[in-house]
Amino acid sequence: MSLAGIYSLRMFGMFLILPIFALYAPQLQGGDNHTLVGVALGAYGLTQAILQLPFGMLSDRIGRKRVIYIGLMLMALGSLVCASATDIYTMIIGRSIQGAGAISAAITALLADLTREEHRTQAMAMIGMSIGLTFAASLAAGPTMYHWLGMPGIFMLIGALSIAALIGVWKIVPQPTLSRFHSDAEASPTKLRDVLRDPQLLRLNYGIFALHAAQMAMFTVMPLVLKNTGHLSADQHWQVYLPIMAGAFIFMVPAIIYGEKKGRLKQIFVGAIGLMLLAQSGMALALNSFWEIVTLLALYFLAFNVLEATLPSLISKIAPAAAKGTAIGVYNATQSFGTFLGGALGGWLYTHYGTPAVFGVCSLMMLGWLLIASSMTPPLPVKTQMFHIGDDWQGDVRDLSRRLGNLRGVKEAVVIAEERVAYLKVLQQDWDEAGVMKLIQETN
């Protein structure tokens, strides 16, 4: 819970300015150049994409907490630079420094150090859920905080939250007694090639790239659209986002449960992409109607929430058991790069071709994703299970992997002696749990 809170504090700081930055930017010198506004909005994604995997690997060498301290200090420093910015270029520099505090991989690795294998999947899910809730809360809170604190005050708050998170890591999060590499949580350079050549994973990587590129492009213009069509002041935008995000979350949950329980995750996934395509295309045609925009925005966020929840699940189901951490690392870096490119592209399109072009290009990205996703192989209805093998066990790794893999409902089994863990992909409804436990107990 403490690590999820620290992760959420950092993401809250990143998301908080999304619904209001386009309205504030003209107050900065050079802020009338909307291309630069888009770059500033998404700049953190570029440095985050570049440094995310190296920071995770550095944490293996110098320690998880040290890397997290460095990242949170960079986040605080970048926030102070943004708070003092009087021109758009300084704002871009500050946002880039914020993104340089790319600690998500280090936090995930620390989580793996501090949790037993049998509980790690649930712990990872807790962090994922906290990110979704943080995103929703930031959209609702951002406009109100802008009214109370102003944009410099928001960045000062983000810096203060970063220092509070640093103190939380120091005082609350325990120091792991043993820190080792975890294939399920960390990227391995030796497995990068296989992950980058997997066509199924490439489809998902394009998906998360397109999803976040379109999101950031949309937020370069959506505050302006709500202001112009609904005549809403910046501090009133929460009245649009709060009910929309609450409704989207309520409708998302049964859709995800249905897809997972009935083995129809691909259908839910492809349907959500189609819904997002409909929403983005509709926005390009409904820029003069406030209520049409609000309705389409509700459809957009319903689709967005479903996709944000299903993509990590699909990665987990499709990635090789021994390369899951590498697949997630590439996925996260692709997401961050999409954030940067989407902000820059959205700003450029608005400057040269206007708001309809922004939503039109976003629609094309969604159409491409729909075509790519429609041809993907439906994932098996599996879940990941991990088990600790005895620290003193010296048996045959290949033989144990084979015996585990031959049990009913086990679709993949990999035993890694260096990590003292067995990674299994098993059917969600019918697998020989007793047989697996018996073989695992023999190693202790």
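These lines cover the structure that appears in this document, whether it is placed above or below. None of these values were measured; they are calculated from a predicted model.

## Points about the environment of leucine 3
Take leucine 3: it is sitting in helix 1 (residues 2-15). Residue leucine 3 is classed as buried on the basis of its relative accessible area, which comes to 6%. Placed 375 residues apart in sequence, leucine 3 and proline 378 show a C-alpha to C-alpha distance of 33 Å. For leucine 3, the residues in contact, after removing those within four places along its chain, are Ile107, Leu110, Leu111, Leu114 and Val173.

## What about the pattern of salt bridges?
Side chains bearing opposite charge may pair, as long as their charged atoms lie close to each other. According to the stated counting rule, one finds nine salt bridges in the structure shown. Note that arginine 64 is salt-bridged to glutamate 186, the shortest N-O span being 3.2 Å. You can see arginine 64 sitting in helix 4 (residues 64-84) and its partner glutamate 186 sitting in the loop between helix 7 (117-171) and helix 8 (192-196), a full 122 residues away along the chain. Under the relative-accessibility criterion, arginine 64 is labelled buried at 3%. Judged by its relative accessible area of 4%, glutamate 186 is buried. Where glutamate 260 meets lysine 317, a salt bridge forms, and the shortest distance between an N and an O atom there is 3.2 Å. Within this pair, whereas glutamate 260 is found in helix 11 (residues 238-261), its partner lysine 317 is found in helix 13 (residues 290-318), the two being separated by 57 residues in sequence. Residue classification places lysine 317 among the buried positions, given a relative accessible area of 12%. Salt bridges linked by common partners bring Asp60, Arg64, Asp113 and Glu186 together as one network.

## A look at the layout of surface pockets
Considered as a void within the structure, the second largest pocket measures approximately 220 Å³ in volume. Residues belonging to the lining of the second largest pocket are distributed by class as follows: three nonpolar, four polar and six charged.

## Section: empty space enclosed by the protein
For the structure shown, the criterion picks out one cavity of 30 Å³ or more. Counted as a void, the largest cavity has a volume near 30 Å³. Forming the boundary of the largest cavity are Asp184, Ser316, Ala319, Pro320, Ala321, Lys324, Thr384, Tyr423 and Lys425.

## A word on the nonpolar core
Ranked by internal contacts, the top residues of the largest apolar core, which has 127 residues, are Phe21, Met222, Phe269 and Phe301. The element contributing the most residues to this core is helix 13, with 15 residues. Not counting residues up to four positions away in its chain, the partners in contact with phenylalanine 269 are Leu204, Leu307, Thr310, Leu311, Leu314, Trp369, Ala373 and Met376. Counting 16 residues, the second-largest nonpolar core is a separate cluster that includes Ile389, Leu400, Leu404 and Leu439.

What counts, and at which threshold
Sequence order as written defines the numbering, with residues in each chain counted from 1. With pLDDT at 70 or above as the cut-off, local features in this predicted model cover only qualifying residues; side-chain atom pairs require 80 or more to be listed or tallied, and sums for whole chains, interfaces and linings still use all residues. Where side-chain values are given, they derive from all heavy atoms of the structure, hydrogens and water being excluded. What counts as a helix is a DSSP run of H or I of at least four residues, what counts as a strand is a run of E of at least two, and both are numbered from the N terminus. In this scheme, a residue with accessible area under 20% of its type's maximum is buried, one over 50% is exposed, and one in between is partly exposed, where area comes from a 1.4 Å probe on protein chains only. Here, two residues are considered to be in contact whenever any of their heavy atoms come within 4.5 Å of each other. A side-chain nitrogen of Lys or Arg and a carboxyl oxygen of Asp or Glu constitute a salt bridge if their distance falls within 4 Å. Both site types are read off a 1 Å grid over the protein atoms alone. A 1.4 Å probe that fits but cannot get out defines a cavity, while an open set with protein on both sides within 12 Å along at least five of seven lines defines a pocket; lining residues have an atom within 4 Å of a point. Grid points are joined across faces, edges and corners, and a volume is the space filled by probe spheres set on the points. By the convention adopted, Pro, Cys, Tyr, Trp, Phe, Met, Ile, Leu, Val and Ala count as nonpolar, Lys, Arg, Asp and Glu as charged, and the other residues, Gly among them, as polar. Take the buried residues of types Ala, Val, Leu, Ile, Met, Phe, Trp, Tyr and Cys, join any two whose side-chain atoms come within 4.5 Å, and each joined set is a nonpolar core.

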